[in-house]
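Chain and residue survey
If you want the building blocks of each chain, they are given just below.
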Amino acid sequence: MPIIKSKYHKRPWYFFNGHFETIIPSLLFDGGDASYERERLELEDGDFLDLDWVRGGNKRLIVLSHGLEGSADRHYIKRPAIYFSRKGWDILAWNNRSCSGEMNRLPRFYHHGATEDIAAVIDRGMEEGYDQVVLMGYSMGGGMQQKYLGERDPDSRIIGAISFSVPCNVQNSADMLKTGAGKIYENRFITKLKEKILEKSSKVELPVDLEEIKRVRNFEELDEAFTLKIHPEYKDAHDFYARITSDQFLPNIKIPLLIVNAQNDPMLGDPCYPTELASKSNNIFLEIPKKGGHVGFTMPKDEWSYMEYAADDFINEVILSPQISEKLH
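Now for a description of the structure that goes with this document. Everything numeric in this text was worked out from a predicted model, so none of it was measured.

Before going further, it helps to spend a moment on the layout of surface pockets. Using a probe with the size of a water molecule, rolled over the atoms, empty space left in the structure can be pinpointed. If you add up the space inside the largest pocket, you get close to 860 Å³. Together, 43 residues line the largest pocket, and Gly67, Leu68, Glu69, Phe189 and Phe219 are the ones closest to its centre. Of all elements in the fold, only helix H1 (18–28), helix H2 (75–85), helix H5 (170–176), helix H6 (182–201), helix H8 (219–230) and helix H9 (237–244) reach the threshold of two or more residues within the lining of the largest pocket. A per-element tally of the lining of the largest pocket places H6 first, with seven residues. Each residue belonging to the lining of the largest pocket can be placed in one class, and the counts come to 26 nonpolar, twelve polar and five charged.

Here you go:
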């Protein structure tokens, strides 16, 4: 305990495997009209983050963090924004640097371990005077919020967190994307990131070799050619992954945290499923559905995915449970 028996069993019949479960929603699903109100948050380093709010005058807030090369406009962010705003939550869906539709100002972008940005977003949310805050992250966004919670003592109003399809071990996930069908996803990410770097180079002077960037074929090469040039505190890509990966921070988290990682997720290997930690923990809850893919979890003939239902259940049955709160404190 607490390893949760999953309630997700039936996917649409045409989702034949984890790849279909991952790719079809990513390419075809819209998520609906979240009716965002945008705010630009100016950062201390001179850059900015674009925040997308759904305000309803509520006293509780959900902060939504998207995945790699995602945004607040992705279906898996808009859908919970709509779902939980109807359940009496205000929503703060934020966009990582360069992900809001406008290139950021500084040479840097974002990465799994850049918790200074999510910290600035959460601090901004706290300024609104909410009584209760829940963090909800997807893929990279889930890892980012896990690291944030584990490396600091967060505000007591943050009462819980939920993460879906999280690469809890960044090195393992990078390795998974290097081979076999994983290359499909890596090639897509790498292509988009290379295009962004080349676009940025026309506006900002970068300490990189653009010809080398054009030859990059995988994440390790991209991080060696770009990320480490921007962040010289890391000695190489392996050191970078080892220091930003969220699994090492999980034991320090003191609030209820749900991790839902599908067994057939094509981007995650065994180290991304912290079963031993969860089995011994009072507050790290792990759910491993047999199906779901990566940020998929589609429900047949349903406007919502299993992720919204699982998050709602966890909030009501665990995060807001007086018995759980008493046990943790």
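Back to the text.
In this section: a nonpolar patch on the surface. Where nonpolar side chains cluster on the molecular surface, the patch consists of Trp13, Tyr14, Phe16 and Phe20 and spans about 500 Å² of accessible area. Structurally, Phe20 can be placed in helix H1. Classification of Phe20 by relative accessible area gives partly exposed; the value is 35%.

A word on the pairing of strand S8 (residues 257–260). Every second residue of S8 is oriented toward a common face, with Leu257 and Ile259 on one face and Leu258 and Val260 on the other, all of them buried. Across four bridges, S8 lies against strand S9 (residues 284–287) in parallel orientation. Within S9, the position partnered with Leu257 by the bridge is Ile284. With helix H10 (residues 275–280) bridging S8 and the parallel S9, this β-α-β connection has right-handed handedness.

Let's shift gears to the packing of aromatic side chains. The description of an aromatic ring pair rests on the distance of the ring centres and on the angle between the ring planes. This model, assessed by the stated rule, comprises 18 aromatic pairs. Considering the side-chain rings of Trp13 and Tyr14, the 5.6 Å spacing of their centres and the 85° angle between planes classify their relative orientation as edge-to-face. Ring-pair connections join several aromatic residues into one group, and the members of that group are Tyr8, Tyr76, Tyr138, Phe164, Phe297 and Tyr306. Sitting above the plane of the Phe48 ring, Arg40 keeps its charged end 3.7 Å from the centroid.

Here we come to the pairing of strand S2 (residues 37–42). As paired strands, S2 and strand S3 (residues 48–54) are joined by six bridges and run antiparallel to one another. Opposite Glu39, over in S3, you have Leu51 as the bridge partner. Linkage of S2 to S3, two consecutive antiparallel strands, is achieved through a turn of five residues, within which Gly46 is found at a positive phi near 95°.

Next up on the list: the pattern of salt bridges. In the structure shown here, the tally under the stated rule is 29 salt bridges. The shortest N-O distance in the salt bridge between Arg97 and Asp45 comes to 2.9 Å. Linking Arg97 in the loop between strand S5 (90–95) and helix H3 (115–126) with Asp45 in the loop between S2 and S3, this pair joins segments that are 52 residues apart in sequence. With a relative accessible area of 37%, Asp45 lands in the partly exposed category. Between Glu151 and Arg152 there is a salt bridge; the shortest N-O distance is 2.8 Å. For Glu151, a relative accessible area of 32% translates into the label partly exposed.

The next point concerns empty space enclosed by the protein. Here the structure, examined in full by the defined rule, presents one cavity of 30 Å³ or more. Counted as a void, the largest cavity has a volume near 30 Å³. Contributing to the lining of the largest cavity are Phe48, Leu49, Asp50, Asn95, Asn96, Arg97, Ser98, Cys99, Ser100, Glu102 and Asn104. For the lining of the largest cavity, the element with the most residues is S3, which contributes three residues.

Note that Lys178 resides in the loop between H5 and H6. A relative accessible area of 31% places Lys178 in the partly exposed class. Apart from residues lying up to four places away in sequence, Lys178 is in contact with Lys183, Glu186 and Glu220.

The next point concerns the environment of Ile3. By the secondary structure assignment, Ile3 is in strand S1 (residues 3–4). By relative accessible area, Ile3 is classed as partly exposed at 40%. Counting along the chain gives 277 residues from Ile3 to Lys280, while the straight-line C-alpha distance between them is 9.3 Å. Among residues more than four places away in sequence, those in contact with Ile3 are Thr275, Ala278, Ser279 and Leu286.

So, about the sheet that holds strand S4 (residues 60–65). The nine strands lie next to each other as S1-S9-S8-S7-S6-S4-S5-S3-S2, forming an open sheet whose pairing is mixed. What marks the edges here is a single partner per strand, and that holds for S1 and S2. Against the sheet, helix H4 (residues 140–151) contacts S4, S5, strand S6 (132–138), strand S7 (158–164) and S8, and its axis sits at roughly 135° relative to S6. On top of the sheet, helix H11 (residues 306–319) reaches S4, S6, S7, S8 and S9; it is set at about 150° to S7, its chief contact.

Definitions and limits used
- Residues numbered from 1 in each chain as written.
- Predicted model: local features only at pLDDT ≥ 70, side-chain atom pairs only at ≥ 80, totals over all residues.
- Heavy atoms only, no water.
- 1 Å grid on protein atoms, 1.4 Å probe; cavity = no way out; pocket = protein on both sides within 12 Å on 5 of 7 lines; lining within 4 Å.
- Points joined across faces, edges and corners; volume = space filled by probe spheres on them.
- Helix = DSSP H or I, 4+ residues; strand = E, 2+ residues; numbered from the N terminus.
- Nonpolar A, V, L, I, M, F, W, Y, C, P; charged D, E, K, R; others polar.
- Patch = residues over 30% accessible without salt bridge, like charges linked within 9 Å, V, L, I, M, F, W, Y side chains within 5 Å.
- Areas by Shrake-Rupley, 256 points an atom, 1.4 Å probe, with all protein chains shown as cover.
- Salt bridge = Lys/Arg side-chain N within 4 Å of Asp/Glu carboxyl O.
- Buried < 20%, exposed > 50% of the residue type's maximum accessible area, 1.4 Å probe, protein only.
- Pairing = 2+ DSSP bridges.
- Right-handed = clockwise from strand over helix to strand, strands pointing away.
- Phe/Tyr/Trp six-rings, centres within 6.5 Å; stacked < 30°, edge-to-face > 60°.
- Lys NZ or Arg CZ within 6 Å of the ring centre and 35° of its normal.
- Contact = heavy atoms within 4.5 Å.
- Axes fitted to C-alpha atoms, helices over the stretch in contact; angles between N-to-C directions.

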